[in-house]
Amino acid sequence: MADQDARSGEDKRPTEIPALRWEEPPEGPVLVLLDQTRLPAEEVELVCTDASALVEAIRSLAVRGAPLLGIAGAYGVALAAVRGFEVEEAAAALAGARPTAVNLTVGVRRAQAAHQEALARTGDTRQAAAAALAAARALHREDAEASARMAAHGLALLDELLPAGGHRVLTHCNSGSLVSGGEGTAFAVALAAHRSGRLRRLWVDETRPLLQGARLTAYEAARNDMAYTLLTDNAAGSLFAAGEVDAVLVGADRIAADGSVANKVGSYPLAVLARYHHVPFIVVAPVTTVDPDTPDGASIEVEQRPGYEVTEVTAPQVPVTGAGGGIPVAPLGTQAYNPAFDVTPPELVTAIVTEEGAVSPVTAAALAELCARSRQVTIS
Ligand SMILES: CSC[C@H]1O[C@H](OP(=O)(O)O)[C@H](O)[C@@H]1O
């Protein structure tokens, strides 16, 4: 198999990529986002001064990825509170910006609860705003810590499941620093393998239609000087058939109580391929992505996105031509099916890795324990 590395030895920038940060300039607090729709061509920052700007950034995937959506949502509540906007209204808009990633709602509710508690206790809106900000900062910090622990647990699982030597892992979509307060979820496992000299190859699914793999995972892999190769989503099957994949690592947007996993569309076919070829399919996500209140996969709302994301290709330099602002790759007026996620049933999941360890096999008892832990962590 040709191993065209895209090593970027000349790229000496820090490997961790801050996807967002809270700043307090003289003119008032802001949430600064790295606009992920402009990557990898341009590193452009979006400055959000209110929740409505953040809602739009979430909807356009300028900021994206389940754990980071939770962090952004919490900061969005704090931003509304600090700037004197209606907090409950802002919280509702933020939580409703995208339906599938449970972490968005979890993060918004955490900051909202802190705000409500402080306001009830003190009657002071400034103290209530400070409490919301403290909750967002705590969530940001906790997610970074969780990311490091997931990476360690995930690497230990790879070493346990796979023969000694370098691991060849395939990943789908993007689950690195750009979805996290730290270095991500599934990607963080591959990065840990790389740093320990145990990553032989990172196969990067391009992940149509928005190309999170080609644009973002390849960007992160290059920044970390990893041995990675990009492939079209429809080439994954031939890799499995050639025996070139030792494990699949994916993130998650919501894990139902029965162990069904919602993740970027294209994850389910990978799980089927992995099962057919006897390759571990490993889901890496924080405990808070387990949703005890969603009983099964059929109960997960899968976001349906605009058809033009399928019928057009866009890039920052692309002139506006089609309905969505890109270059049509299908006849104008073509209808497109564009679910942002799909759902993998629990029987195809080899393991769920959280910051608390690896759950494998994914039994009903193990899931009940994960659900209980999720409730505990979410409330705190
Ligand atoms: C580990 S969370 C990353 C997760 O989010 C992605 O979805 P999107 O890019 O639409 O936010 C995808 O499902 C990733 O697995």
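Residues numbered from 1 in each chain as written. Predicted model: local features only at pLDDT ≥ 70, side-chain atom pairs only at ≥ 80, totals over all residues. Heavy atoms only, no water.

Student: I keep staring at the pattern of salt bridges and nothing clicks. Help me out?
Tutor: Once the charged atoms of two side chains with opposite charge are near each other, the side chains can pair. Using the criterion set out here, one finds 16 salt bridges in the structure. We note a salt bridge from D291 to R254, for which the minimum N-O separation is 2.7 Å. Taken as a pair, D291 in strand 11 (residues 290–291) and R254 in strand 8 (residues 254–256) lie far apart in primary sequence, 37 residues in all. (Salt bridge = Lys/Arg side-chain N within 4 Å of Asp/Glu carboxyl O. Helix = DSSP H or I, 4+ residues; strand = E, 2+ residues; numbered from the N terminus.)

Student: Is there a simple way to explain the site of the ligand in this structure?
Tutor: Around the ligand, 18 residues are found, and the nearest of them are R64, R98, D253, N263 and K264. At 3.0 Å, a side-chain N or O of Q212 approaches an oxygen atom of the ligand. Computed on the free molecule, the ligand has an accessible area of 390 Å², of which 100% lies beneath the protein chains in the complex. Taken together, the elements giving at least two residues each to the shell around the ligand come down to helix 2 (66–82) and strand 9 (261–264). Class assignment for the residues of the shell around the ligand results in seven nonpolar, seven polar and four charged. (Near = heavy atom within 4 Å. Polar contact = N/O pair within 3.5 Å; in protein donor to acceptor, adjacent residues only side chain to side chain. Areas by Shrake-Rupley, 256 points an atom, 1.4 Å probe, with all protein chains shown as cover. Nonpolar A, V, L, I, M, F, W, Y, C, P; charged D, E, K, R; others polar.)

Student: Before we go on, may I ask you to explain the UniProt feature "binding site: substrate" (unreviewed entry) in the chain in this structure?
Tutor: The UniProt record annotates "binding site: substrate" (unreviewed entry) at R64, G65, A66, R98, Q212, N263 and K264. Within the fold, R64 resides in the loop between helix 1 (51–59) and helix 2. In this view, R64 contacts Q36, L69, R98, C173, N174, L178, V179, Q212 and L216; residues no more than four positions away in its chain are not counted. In terms of polar contacts, R64 uses its side chain to reach the side chain of Q36, at 2.8 Å. Its location among the elements puts K264 in strand 9. (UniProt positions renumbered as here; feature names shortened; annotations may be inferred. Contact = heavy atoms within 4.5 Å.)

Student: Is there a simple way to think about the nonpolar core in this case?
Tutor: The tendency in soluble globular proteins is for nonpolar side chains to be buried side by side. L20, L54 and V63 are the most contacted members of the largest nonpolar core, which totals 45 residues. When contributions to this core are tallied by element, the ones reaching two or more residues are strand 1 (20–23), strand 2 (30–34), helix 1, helix 2, helix 3 (87–95), helix 4 (102–122), helix 5 (125–161) and helix 7 (212–223). Top element by residues in this core is helix 2. It accounts for 12 residues. Two domains each provide a minimum of three residues to this core, namely domain 1 (2–143) and domain 2 (145–373). Other than its neighbours up to four places away in sequence, L20 contacts L31, V32, L33, V63, L68, I71, A72, Y75 and H140. (Core = buried A, V, L, I, M, F, W, Y, C linked by side-chain atoms within 4.5 Å. Buried < 20%, exposed > 50% of the residue type's maximum accessible area, 1.4 Å probe, protein only. Domains from an automatic or database assignment.)

Student: Please explain the packing of aromatic side chains as it appears in this structure.
Tutor: Each aromatic ring pair is summarised here by two numbers: the centre-to-centre distance and the angle between the ring planes. With the rule as written, the count across this model stands at one aromatic pair. Ring centres of W22 and Y75 lie 5.8 Å apart, and the angle between their planes is 20°; on these two criteria the pair is classed as stacked. Within this pair, whereas W22 is found in strand 1, its partner Y75 is found in helix 2, the two being separated by 53 residues in sequence. We classify W22 as buried; its relative accessible area is 11%. For Y75, a relative accessible area of 4% corresponds to the buried category. Just above the ring of F341 sits the side chain of K264; from NZ or CZ to the centre is 4.2 Å. (Phe/Tyr/Trp six-rings, centres within 6.5 Å; stacked < 30°, edge-to-face > 60°. Lys NZ or Arg CZ within 6 Å of the ring centre and 35° of its normal.)

Student: So what exactly am I meant to see when it comes to helix 7 here?
Tutor: Because each turn of an α-helix spans 3.6 residues, side chains separated by three or four positions in sequence point in the same direction. Taking 1.5 Å as the rise per residue, helix 7 with 12 residues should run 16 Å; its terminal C-alpha atoms sit 15 Å apart, in good agreement. Most of helix 7 sits out of view: 11 of its 12 residues are buried. Residues of helix 7 that are buried: Q212, G213, R215, L216, T217, A218, Y219, E220, A221, A222 and R223. The inward-facing, buried residues of helix 7 abut strand 4 (167–171), helix 6 (186–195), strand 5 (199–205), strand 6 (228–231) and strand 9. (Expected span 1.5 Å × (residues − 1).)

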